[in-house]
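Architecture at a glance
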Amino acid sequence: MSIKTIDEYSPAVVSFIPLLYVAWADGLLSPSEVKIIKRKIRSLPHLTDEERETLLTWSDPGEWPDDMTFKQWMALMKDAGGQLPDHELDSVVALGRKMAEQAKIGDIYPDSMNRTMDAVSTLASELDIPGLVKFRALGRKVKAKKDPSFQVKALQDFLHGANKPVIERIQWLLSDPGFSRRPIRDKERYREQVLQWLKELAKQGYGALGFPEEYGGQGDIISYSSVFEVLSFFDLSLAVKFGVQFGLFGGSIQHLGTAEHHRKYLPLVGSAELLGCFAMTETAHGSNVRDLNTTATYDPDSDEFVIQTPSYEDGKEYIGNALHGQMASVFAQLVVNGRSHGVHAILVPMRSADGTLLPGITVEDNGYKLGLNGVDNGRIWFDQVRVPRENLLNRFGDVDDNGNYTSPIESDGKRFFTMLGTLVAGRICVARGALGAAKSALTIAVRYALKRRQFGPGTDEPETLLMDYPSHQRRLLPKLARAYAVHFVLDHLVESYTSEGSDGRETETLAAGIKAYATWFANDAIQECREACGGKGYLWENRFADLRSDADIFATFEGDNTVLMQLVAKGLLSDFREEFNAGGFMASIRFLASQMSDSFLTINPLYKRKTDSDHLHSPGFHNHAFQFRERKLLHALGNRMRNMFKKRITPYDVFLRTQNHMLALADAYVNRVILEQFQAALSRAEGESFHEPLQKLYTLFALETMESHRGWYLEQDYMEGVKTKAIRRLIDRLCSEIKDYSEELVSGFGIPDGLLGAPIVVDQDRNKEE
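Everything in this summary refers to the structure shown in the same document. (Residues numbered from 1 in each chain as written. Predicted model: local features only at pLDDT ≥ 70, side-chain atom pairs only at ≥ 80, totals over all residues. Heavy atoms only, no water.)

1. Digging into the overall build of the protein
On a plain count of helices and strands, the protein comes out with 30 helices and 11 strands. Looking at the protein residue by residue over its 770 residues, the buried ones come to 57%. Summarising the internal contacts of the protein: among those between residues at least 6 apart in sequence, 75% fall at separations of at least 24. Carbon and sulfur atoms make up 49% of the accessible area of the protein, which amounts to about 31,800 Å² in all. (Helix = DSSP H or I, 4+ residues; strand = E, 2+ residues; numbered from the N terminus. Buried < 20%, exposed > 50% of the residue type's maximum accessible area, 1.4 Å probe, protein only. Contact = heavy atoms within 4.5 Å. Areas by Shrake-Rupley, 256 points an atom, 1.4 Å probe, with all protein chains shown as cover.)

Here it is in structure tokens:
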């Protein structure tokens, strides 16, 4: 069968070819979409019977266009497309009109042509037909449609906000030759290098940033968290050791101690003259801090606490700074007059001035790890180690001069959670560090995809850029959108944490959820970026090896992510800060169940199938979809638990039976908060040159999140297949559009080439391994 020329079709018929080509090339049309097309074709009175029959046949799934038909269509489109300006190359309407103008069969009547093109335009909108460039239908490369006023620096300033001065200053410091990154395979030498870097940061005042001014700091936890993220661009071992020394060890003194502890220790901690550990985790308990077995028993005769590790498995595990630390904040069961008052923190000296371990203390190197080998993690045991009574960090619990325990918080459970809540900054910084690693990976992968070519349409044509492949766009750009989303929600979280009068319980719940979300996202993004760079991504010099192995642990330290998400769900289910028990918990379940509005969970049938572009782009639709998922899961979980309690099932068994449901609820909650903060960031960016690409990133995040849960939405009858398919098509289109801004968007992260340091995208001399 010979390929027809454009002379053999009428103007009305050829005007539909680009739309039908894209519709079929994008996959099988759904029955409802076929009905829409046929109804529109039948409604055009100016078509002849032959024209109408041809178009109806091409729209019939039973007459699936074969390869020859596609070739015919492509030949006709290429012929007409050669005369289109670049800005119209992606439009099925513009191409259809140009093809109609070239048709030789029949006359072109303006009124009839306008009605035909209106029909094509309406169908393209109703079916959300993507552009032609995605399918390389015209064989021409389209220039990027960038807003000429889009300035990367303006985007960087927007993301950095008020922290811009401290970010630029720390970036400048890390560009000094003394912070040169090079592979050090021996852990002892690597640890020593990281220690020297840490001391230099302390010398420059970064360690004390979050401490009060009277103790050498600036009281600026927002700047401190930004510094942590910048350090993660450079070296995650340094970022983690920085966090252990100043955030965990120093933070425990600042938030759990009182004025005398602050005066005596914070200046020394901030200057790194006193190196310390945060000794919480035990081998046998991991994330179960409440049931730690290490004890701190008060001895009234000597006015001292005796620190004891009951067994080998109760040793402190994975403690950062264990090999360099001179002191540790030890979390132990506080025993006074024979009664345990729960977990408290107490300062325990570990080494003498010359570095020798003090009597009764045993430290064992954890050895080589999957990553972070620049951090000196170790295990610690205590055997009848005595410390003065004043070493107890006594903000929430104390032993008075008469040897009696006192506390402003009567309940042991409430006191425990209050103590842990003061350490939420650690989770914020871990999330910041994970995001920094993901930003680095995405910057490398996106830049590489914009320069690396692979395969092509023919032997005489240039190979195709990786970023021009729709599959590559799908791999990287939704993750780029998610990185921006996490950035904005972390800014919100830090502001909430530092704001007076904010709801502490809500902040702690959100911090737990965002830490889990951000670290899971980072691990996923880094792996995808590594694979997207092929063999080059496997080379150490291109950063992915360290980024992946170093960031991996973020999912399980500062709280195992799965455990944290369970805490989030419990926070959503209860207004109480008590432990998970039957009393108040049942009351809160009944309250929540009674507050759920069934009307919210009832969906209009037309809404389920609504697929027009304005609707799918609408923040109102996104809000409703995210809120529906969260409320539906909360409603169902509350009812499940209430019914189980009625059957006298114990609270712990109820927890086990609903654990996966709780995790789904926590995920829905976190996603809803992230969506809202992305929307808030868009509002702040109104009128900025980068608002349009940021808007596209937002929509991509919202729709791709919905797509990842499309099975749930289909099960709940919230959407029908035609709507989930329309969402998929729009995601593909958004990826195609965002790729034109992708280089500027990763540059917006503001990672200097010296910190990025990947030769595949940064010109630099290769370092030799030591």
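So, next bit.
2. Some thoughts on the pattern of salt bridges
Taken as a whole, this structure holds 39 salt bridges when the rule is applied. One salt bridge connects Glu282 with Lys316, and the closest N-O pair in it is separated by 3.3 Å. Linking Glu282 in the loop between strand 1 (276-279) and strand 2 (295-299) with Lys316 in strand 4 (residues 316-319), this pair joins segments that are 34 residues apart in sequence. (Salt bridge = Lys/Arg side-chain N within 4 Å of Asp/Glu carboxyl O.)

3. Focus on the packing of helix 11 (residues 221-234) against helix 15 (residues 424-449)
Interaxial distance between helix 11 and helix 15 falls to 8 Å at its minimum, and their mutual angle equals 35°. At the point where helix 11 passes helix 15, the crossing takes the right-handed sense. On the side of helix 11, the interface is formed by Ile221, Tyr224, Ser225, Phe228, Glu229, Ser232 and Phe233, while helix 15 contributes Ala425, Cys429, Val430, Arg432, Gly433, Leu435, Gly436, Ala437, Lys439 and Ser440. Partitioning the contact of helix 11 with helix 15 into residue classes produces nine nonpolar, five polar and three charged. (Axes fitted to C-alpha atoms, helices over the stretch in contact; angles between N-to-C directions. Left-handed = near helix turned anticlockwise from the far one by under 90°. Nonpolar A, V, L, I, M, F, W, Y, C, P; charged D, E, K, R; others polar.)

4. Some words on helix 10 (residues 187-203)
With 17 residues, helix 10 should reach 24 Å at 1.5 Å per residue; the first-to-last C-alpha distance of 24 Å fits that figure. Looking only at helix 10, the buried set comprises Lys187, Tyr190, Arg191, Gln193, Val194, Leu195, Trp197, Leu198, Leu201 and Ala202. Of the residues trailing helix 10, Gly205 is marked for its positive phi of about 95°. (Expected span 1.5 Å × (residues − 1).)

5. Focus: the side chain of His615
Among the secondary structure elements, His615 is positioned in helix 22 (residues 613-617). Dropping the residues within four chain positions of it, His615 is found in contact with Tyr607, Lys610, Phe621 and Lys723.

6. Regarding the sheet that holds strand 4
Overall, antiparallel pairing links the three strands, which are arranged 4-8-7 in an open sheet. Unpaired on one side and paired on the other, strand 4 and strand 7 (361-365) mark the two borders of the sheet. Here the average twist between neighbouring strands, direction ignored, is 25°. Two strands pair when backbone bridges link them, and strand 7 and strand 8 (residues 378-382) are joined in this way by five bridges, in the antiparallel orientation. Each residue of the ladder has a partner; that of Ile361, found in strand 8, is Phe382. (Pairing = 2+ DSSP bridges.)

7. Some details on the packing of aromatic side chains
Taken as a whole, this structure holds 25 aromatic pairs when the rule is applied. Judged by centre distance (5.2 Å) and plane angle (20°), the rings of Tyr224 and Phe242 are stacked. With a gap of 18 residues between them, Tyr224 in helix 11 and Phe242 in helix 12 (residues 236-256) connect regions that are remote in the sequence. Each member of the pair, Tyr224 together with Phe242, is buried. (Phe/Tyr/Trp six-rings, centres within 6.5 Å; stacked < 30°, edge-to-face > 60°.)

8. Quick word on the environment of Ser311
Along the chain, Ser311 falls in the loop between strand 3 (304-308) and strand 4. Owing to a relative accessible area of 32%, Ser311 belongs among the partly exposed residues under this scheme. C-alpha of Ser311 to C-alpha of Trp381: the two residues are 70 residues apart in sequence and 8.7 Å apart in space. Looking at Ser311, its side chain comes within polar contact range of the side chain of Asp314, at 2.7 Å. (Polar contact = N/O pair within 3.5 Å; in protein donor to acceptor, adjacent residues only side chain to side chain.)

9. Some words on unusual backbone geometry
Here Asn337, not a glycine, exhibits a phi torsion of approximately 55°, which is positive. Examined against the element boundaries, Asn337 turns out to sit in the loop between strand 5 (327-336) and strand 6 (339-349). Asn337 gets classed as exposed once you look at its relative accessible area, which sits at 58%. Phi is positive for Gln384, close to 55°, though the residue is something other than glycine. Among the structural elements, Gln384 can be located in the loop between strand 8 and strand 9 (385-388). Judged by its relative accessible area of 49%, Gln384 is partly exposed.

10. Quick look at the packing of helix 16 (residues 470-498) against helix 26 (residues 691-708)
A pair of packed helices can be characterised by two numbers: the angle between their axes and the separation between those axes. One can describe the packing of helix 16 onto helix 26 by two numbers: an axis separation of 9 Å at closest approach and a directional angle of 105°. In terms of orientation, helix 16 lies roughly perpendicular with respect to helix 26. Where helix 16 abuts helix 26, its residues Arg474, Leu477, Pro478, Leu480, Ala481, Arg482, Tyr484, Ala485 and Phe488 lie against Leu694, Leu697, Leu700, Phe701, Glu704, Thr705 and Glu707. Grouping the constituent residues of the contact of helix 16 with helix 26 by class yields 11 nonpolar, one polar and four charged. (Parallel < 35°, antiparallel > 145°, perpendicular 65-115°, else oblique.)

Function-wise, these values are silent; they only describe arrangement.
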